[in-house]
Amino acid sequence: MQRALDEADRIEREDGEVPVAALLVDANDALIAIGGNRNIAEHDPSAHAEIVALRAAGQRLQNYRLPGLTLYVTLEPCAMCAMALIHARVERLVFAADDPKTGACGSVFDLLADPRHNHRVEVLSGVLAEDASRRLSNYFRKKRGRAPLDAC
């Protein structure tokens, strides 16, 4: 997760994007793909970090199915991204901060737990959540001209 947080920092610093990043790794923890928010740069509402990482992994593996992979992401996936994880057959999701507005993996909705899906994604939440949450809060505080929150 720390690698994802570092990538989120880079995305904000270099691209001015909302600092959300996602990494896909295989069962041996080998990095398969990295994705960061690209909504602003690409003028694409679907260019969330998770989607960018899934697309890169699909291209790299030459498959639209990504079984056996774990997605690490700094913010709880939205409904679009949660359903993409199911369709891609990602094995496991690990996320940092809950998203109390649009989170679809337990906070607002829990799409991954719906028994009607033909694929289950294992979920682990809260990994380095305070760090991720503070980064996001500070990004938006900066946009509004407010002082950043202190590091813990």
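Since we're looking at a predicted model, the values are computed, not measured.

Basis of the calculations
- Residues numbered from 1 in each chain as written.
- Predicted model: local features only at pLDDT ≥ 70, side-chain atom pairs only at ≥ 80, totals over all residues.
- Heavy atoms only, no water.
- Phe/Tyr/Trp six-rings, centres within 6.5 Å; stacked < 30°, edge-to-face > 60°.
- Helix = DSSP H or I, 4+ residues; strand = E, 2+ residues; numbered from the N terminus.
- Contact = heavy atoms within 4.5 Å.
- Buried < 20%, exposed > 50% of the residue type's maximum accessible area, 1.4 Å probe, protein only.
- Lys, Arg positive; Asp, Glu negative; His and termini not counted.
- Salt bridge = Lys/Arg side-chain N within 4 Å of Asp/Glu carboxyl O.
- Pairing = 2+ DSSP bridges.
- Axes fitted to C-alpha atoms, helices over the stretch in contact; angles between N-to-C directions.
- UniProt positions renumbered as here; feature names shortened; annotations may be inferred.

Chemist: Can you walk me through the packing of aromatic side chains in this structure?
Modeler: For any pair of aromatic rings, the description rests on two quantities: the centre-to-centre distance and the angle between the ring planes. If you walk through the whole model with that rule in mind, you get one aromatic pair. Seen from their ring centres, Tyr139 and Phe140 are 4.9 Å apart, and the 85° between their planes marks the pair as edge-to-face.

Chemist: Is there a simple way to think about the side chain of Thr70 in this case?
Modeler: Counting through the fold element by element, Thr70 comes out in strand β3 (residues 70–75). Residues contacting Thr70, with those up to four places away along its chain left out, are Leu23, Leu24, Val25, Arg92 and Val94.

Chemist: Any chance you could explain the environment of Ala96 here in plain terms?
Modeler: Within the secondary structure layout, Ala96 lies in strand β4 (residues 92–97). Here the alpha-carbon distance between Ala96 and Asp150, two residues 54 residues apart in the chain, equals 19 Å. Setting aside anything within four residues of it in sequence, one finds Ala96 in contact with Met1, Val73, Thr74, Gly126, Val127, Leu128, Ala129 and Ala132.

Chemist: What's the story with the side chain of Glu12 in this structure? I'm lost.
Modeler: For Glu12, the position within the fold is in helix α1 (residues 2–15). An unpaired buried charge is present at Glu12: no salt bridge exists, and Lys142, the closest side chain of opposite charge, is 4.1 Å distant. Each residue touching Glu12, except ones within four places of it in the same chain, is listed here: Glu17, Pro19, Tyr139 and Lys142.

Chemist: Would you mind going over the sheet that holds strand β1 (residues 21–25) with me for this structure?
Modeler: In a beta sheet, neighbouring strands are held together by backbone hydrogen bonds and run either parallel or antiparallel to one another. Taking strand neighbours across the sheet as the criterion, the five strands line up as β2-β1-β3-β4-β5 in an open arrangement whose pairing is mixed. The sheet is open, and its two borders are formed by β2 (31–36) and β5 (122–125), each paired with just one other strand. Direction aside, neighbouring strands of the sheet carry axes that sit 15° apart on average. Examined bridge by bridge, β3 and β4 share five bridges and lie parallel to one another. What sits directly across from Tyr72, in β4, is Val94.

Chemist: Looking at this model, I keep getting lost on the UniProt feature "domain: CMP/dCMP-type deaminase" (unreviewed entry) in the protein chain. Mind explaining?
Modeler: What UniProt calls "domain: CMP/dCMP-type deaminase" (unreviewed entry) maps, in this numbering, to residues 1–122. The span residues 1–122 is 34% helix and 20% strand, and its two end C-alpha atoms sit 16 Å from each other.

Chemist: Just checking my understanding: could you explain helix α4 (residues 79–88) for this structure?
Modeler: Along an α-helix, residues three or four positions apart point the same way, because every turn accommodates 3.6 residues. Buried within α4 are the following residues: Cys81, Ala82, Ala84, Leu85, Ile86 and Ala88. Taken together, the buried residues of α4 touch α3 (49–61), β3 and β4. Backbone geometry just after α4 places Arg89 at a positive phi near 65°.

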